[in-house]
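Listed here are the chains, written in short residue letters.
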Amino acid sequence: AEGQGHGKGLLKIQDCTYEGQFINGKPHGLGIFTNQLLTFEGHFSSGLATGEASVTYKNGEKFHGIFN
């Protein structure tokens, strides 16, 4: 759709940042999402986390797993 981002890019909304692939203006593909609590590195589909990913919390705790 016109005005909807495709390809690689950076999106910042308030304290949240997403850097990675976009389709139709939504995170889709490999990307990194960061907010005040955590950093999520993994795959997105139509804006939602999906598949294998790693999450690192600001307190140093880490999680690696599958998101559905």
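Owing to the predicted nature of the structure, the values given are computational and were not obtained by experimental measurement. (Residues numbered from 1 in each chain as written. Predicted model: local features only at pLDDT ≥ 70, side-chain atom pairs only at ≥ 80, totals over all residues. Heavy atoms only, no water.)

## Some thoughts on the nonpolar core
Judged by nonpolar contacts, Tyr18, Phe22, Leu38, Phe40, Phe44, Ala53 and Val55 together constitute the single largest core of 7 residues. Those elements that provide at least two residues to this core are strand 2 (16-23), strand 4 (38-45) and strand 5 (48-57). No other element matches the 3 residues that strand 4 contributes to this core. Not counting residues within four places of it along the chain, the set of residues in contact with Phe44 comprises Tyr18, Pro27, His28, Gly29, Gly31, Phe33, Ala49 and Thr50. (Core = buried A, V, L, I, M, F, W, Y, C linked by side-chain atoms within 4.5 Å. Buried < 20%, exposed > 50% of the residue type's maximum accessible area, 1.4 Å probe, protein only. Helix = DSSP H or I, 4+ residues; strand = E, 2+ residues; numbered from the N terminus. Contact = heavy atoms within 4.5 Å.)

## What about the pairing of strand 5?
Of the strand pairs in this sheet, strand 4 and strand 5 are connected by 7 bridges, and their pairing is antiparallel. Bridged to Gly42 within strand 5 is Ala53. Linking two consecutive strands that pair antiparallel, namely strand 4 and strand 5, is a turn of 2 residues; a positive phi of about 50 degrees is found at Ser46 within it. With antiparallel pairing between neighbouring strands as the criterion, strand 5 and strand 6 (residues 62-67) make up a hairpin whose turn holds 4 residues, including Gly60 at a positive phi of roughly 100 degrees. (Pairing = 2+ DSSP bridges.)

## Re the sheet that holds strand 4
On the basis of which strands lie adjacent, the open sheet formed by 6 strands has the order 1-2-3-4-5-6 and antiparallel pairing. Here the strands that pair on one side only, and so sit at the sheet edges, are strand 1 (7-13) and strand 6. The sheet shows a mean angle of 15 degrees between the axes of neighbouring strands, taken without regard to direction. Alignment of strand 2 against strand 3 (residues 26-34), held across 6 bridges, turns out to be antiparallel. Across the sheet, Glu19 pairs through a bridge with Ile32, a residue of strand 3. (Axes fitted to C-alpha atoms, helices over the stretch in contact; angles between N-to-C directions.)

## Here's the deal with the confidence of the model for the chain
When pLDDT drops low, the exact placement of atoms in the prediction is not to be read closely. On average, residues of the chain score 91 in pLDDT, and 94% of them are at 70 or above. In the model of the chain, strand 1 stands out as the element of lowest mean pLDDT, 91, in contrast to strand 4, which has the highest, 96. (pLDDT = per-residue confidence, 0-100.)

## A word on the packing of aromatic side chains
Tallying each qualifying case throughout the model produces 5 aromatic pairs. Centroid distance Tyr18 to Phe22: 5.0 Å. Interplanar angle 90 degrees. Geometry classified as edge-to-face. Accessibility expressed as a relative area gives 11% for Phe22, which makes it buried. Taking 5.2 Å as the distance between ring centres and 75 degrees as the angle between the ring planes, the aromatic pair formed by Phe40 and Phe67 counts as edge-to-face. Of this pair, Phe40 sits in strand 4 while Phe67 sits in strand 6; the two residues are 27 residues apart in sequence, bridging distant segments of the chain. (Phe/Tyr/Trp six-rings, centres within 6.5 Å; stacked < 30°, edge-to-face > 60°.)

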